[in-house]
Amino acid sequence: MTTSEDPNPTYADSCPQCLRYDVQPDSGIAEGAAAFVAGYRCPACRHVWTCMWGVVPGRIMPPERGSDRDATAAAHEQAAISRARRHLSKEGS
């Protein structure tokens with residue numbers, strides 16, 4: 001799939017509060033080589049959330065540091081939670 005055929009080349013997400021469908025990520029925090037956590041703030045209702053994505057070759061990656069501190073902080077928090085869960089699952093094995 002080329003970038004021009006990709007239905008979501010910028011990892012846009014839908015706002016869970018007002019359902020706006022084209023919200024672009026403000027920041028992205030790497031979670032290993034194959035995934036990242038993106039931070040979002042809806043321009044319509046100002047709701048902040050995160051979403052974990054698998055890296056898709058050819059897609060535009062969001063910047064490591066975003067201009068929206070709330071969205072960036074949420075992405076950092078979700079990435080830390082993800083790392084802790086992964087660590088705990090390895091300990092239980």
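Refer to the structure presented above.
Residues numbered from 1 in each chain as written. Predicted model: local features only at pLDDT ≥ 70, side-chain atom pairs only at ≥ 80, totals over all residues. Heavy atoms only, no water.

Undergrad: Describe the side chain of S27, with residues and values.
TA: Tracing the backbone shows S27 in strand β1 (residues 27-30). In this structure S27 comes out as buried when scored by relative accessible area, which is 0%. Side-chain polar atoms of S27 contact the side chain of T72, separated by 3.4 Å. (Helix = DSSP H or I, 4+ residues; strand = E, 2+ residues; numbered from the N terminus. Buried < 20%, exposed > 50% of the residue type's maximum accessible area, 1.4 Å probe, protein only. Polar contact = N/O pair within 3.5 Å; in protein donor to acceptor, adjacent residues only side chain to side chain.)

Undergrad: Outline the sheet that holds β1, listing residues and values.
TA: The strand order across the open sheet built from 3 strands is β1-β2-β3, with neighbouring strands paired in antiparallel fashion. On the outer flanks of this sheet lie β1 and β3 (48-54), each paired with one strand and no other. Direction aside, neighbouring strands of the sheet carry axes that sit 25° apart on average. By the bridge criterion, 7 bridges tie strand β2 (residues 35-41) to β3 in an arrangement that is antiparallel. Residue F36 lies in a different strand from β3, and its bridge partner there is W53. (Pairing = 2+ DSSP bridges. Axes fitted to C-alpha atoms, helices over the stretch in contact; angles between N-to-C directions.)

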